[in-house]
Amino acid sequence: MTITITAFERSPDGGKGLARDMRVRWALEEVGEPYDVRLLSFQAMKEPAHLALQPFGQIPTYEEGDLVLFESGAIVFHIAERRAGLLPDDPNARARAIAWMFAALNTVEPPIFDRTLVRILERDEPWYEKRLSALEVSIRRRLADLSRHLGDADWLDGAFSAGDLLMVTVLLRLKASSGILDEYPNLSAYVARGEARPAYKRAFDAQLAVFKAASAG
Ligand code: GTB
C-alpha cells in the first residue's frame, strides 16, 4: 500500500532538513519503505482538506490505506513498530528505545524549540535576553545529562533505534542555530553519526530537492 506523507511546498528552513517531515522521511528510508510526498503551501495546510488529516493544520501527516496519522513522533513510532530496523526485538530493549523516543520529544526538544520561537517572535521584547539565557540554561542542563548518559557509546541504548533518530533530529535544530552543541563533543559526534547514515542522507537529499525545485520555479 502506498504511503503518502505531507511536507512544506517551500520549507522556511531553506532546505536544511529541520522541518518535521525530515524525521518521517528518515524513518521510512531506514526501514526501506518507499513513499510519496504531497507538498502543501501554508494556505493549503489551513484548509479543510488538510485539517481533516491534521487538526492543527501542520505537516507532517502520514496516509497508508485507511490509516491517517499526524504527529511526527506517532508516525515514526508506527513505522518502527511495523517494520524491522528501528526498534529492538528484545521486549525490555524495545521499551527502553521507546522511552528514548519520548525523552527526545518531551524532555530534550521543548527548550530547544522554545529557544527557536523566542528568537523569532520575542526578539524585540524587553525580556528577550533574560528569556533566551534561561532557555539556554535549560538546554545545557539537558545536554549535560544526555552527554553523560551517552559517554563514549555510539547510540543511546545499544543499536541505533527510533530513539536515536528522533534525538538526532532534535539536536540538529540546535546545531543549525547555535554553538551550544559544540560544547558537548560526544553529542556533536553522535549527531554526525546520525547524519552519516545512508538513510539520513537519502531523506535529506529528497527534502533538499523539493526546496531547490520550489526556488527554481
Ligand atoms: N508536534 C507536531 C509534530 O511533531 O508533528 C508539530 C508539527 C509542526 O510543528 N509542524 C510545523 C508546521 O506545520 C512544521 S515542522 N508549522 C506550520 C504551522 O504550524 O502553521 C516545524 C518547523 C518549522 C520551521 C522550521 N524552520 O524553518 O527551520 C523548522 C521546523
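Residues numbered from 1 in each chain as written. Predicted model: local features only at pLDDT ≥ 70, side-chain atom pairs only at ≥ 80, totals over all residues. Heavy atoms only, no water.

**Considering the site of the ligand**
Link 1 in the chain: Neighbouring the ligand are 15 residues, the closest being Arg20, Lys46, Ile59, Glu71 and Ser72.
Link 2 in the chain: Separating an oxygen atom of the ligand from a side-chain N or O atom of Lys46 is a distance of 2.6 Å.
Link 3 in the chain: Contact with the protein chains hides 78% of the accessible area of the ligand, taken as 670 Å² for the molecule alone.
Link 4 in the chain: Of the residues in the shell around the ligand, the class split is eight nonpolar, two polar and five charged. (Near = heavy atom within 4 Å. Polar contact = N/O pair within 3.5 Å; in protein donor to acceptor, adjacent residues only side chain to side chain. Areas by Shrake-Rupley, 256 points an atom, 1.4 Å probe, with all protein chains shown as cover. Nonpolar A, V, L, I, M, F, W, Y, C, P; charged D, E, K, R; others polar.)

**Details of the packing of aromatic side chains**
Here a ring pair, both rings aromatic, is described through the centre-centre distance and the interplanar angle of the planes.
Link 1 in the chain: Inspection of the entire model under this criterion finds seven aromatic pairs.
Link 2 in the chain: Ring geometry for Trp26 and Tyr200: centres 4.9 Å apart, planes at 85 degrees, overall edge-to-face. Of this pair, Trp26 sits in helix H1 (residues 21–31) while Tyr200 sits in helix H9 (residues 198–216), placing them 174 residues apart in sequence.
Link 3 in the chain: A relative accessible area of 0% means that Trp26 is categorised as buried. (Phe/Tyr/Trp six-rings, centres within 6.5 Å; stacked < 30°, edge-to-face > 60°. Helix = DSSP H or I, 4+ residues; strand = E, 2+ residues; numbered from the N terminus. Buried < 20%, exposed > 50% of the residue type's maximum accessible area, 1.4 Å probe, protein only.)

**As for the sheet that holds strand E4 (residues 67–70)**
Link 1 in the chain: Sheet architecture is open: four strands sit in the order E2-E1-E3-E4, paired in mixed fashion. Where the open sheet ends on each side, the last strands, each with one partner, are strand E2 (36–40) and E4. On average, each strand axis in the sheet is tilted by 20 degrees relative to the strand beside it, whichever way the strands run.
Link 2 in the chain: Alignment of strand E1 (residues 3–8) against strand E3 (residues 61–64), held across three bridges, turns out to be antiparallel. Bridge pairing in E3 places Ile3 opposite Glu64.
Link 3 in the chain: Helix-sheet contacts for helix H4 (residues 72–82) involve E3 and E4, and the interaxial angle to E4 is about 130 degrees. (Pairing = 2+ DSSP bridges. Axes fitted to C-alpha atoms, helices over the stretch in contact; angles between N-to-C directions. Contact = heavy atoms within 4.5 Å.)

**Structural notes on the pattern of salt bridges**
Link 1 in the chain: Per the counting criterion, the structure on display carries 16 salt bridges.
Link 2 in the chain: Residues Glu64 and Arg83 are paired through a salt bridge, measuring 2.8 Å at the closest nitrogen-oxygen approach. Here the residue Glu64 occupies a position in strand E3, and Arg83 occupies one in the loop between H4 and helix H5 (91–121), the gap between them amounting to 19 residues. For the residue pair Glu64 and Arg83, the accessibility class agrees, reading buried in each case.
Link 3 in the chain: The salt bridge partner of Asp157 is Arg96, with a shortest N-O separation of 2.7 Å. Within this pair, whereas Asp157 is found in the loop between helix H6 (128–150) and helix H7 (162–177), its partner Arg96 is found in helix H5, the two being separated by 61 residues in sequence.
Link 4 in the chain: Using a relative accessible area of 27% as the deciding quantity, one classes Asp157 as partly exposed.
Link 5 in the chain: Of the residues examined, Arg96 reaches a relative accessible area of 41% and is grouped as partly exposed.
Link 6 in the chain: Several salt bridges share partner residues, and in doing so they unite Arg20, Arg23 and Glu109 into one network. (Salt bridge = Lys/Arg side-chain N within 4 Å of Asp/Glu carboxyl O.)

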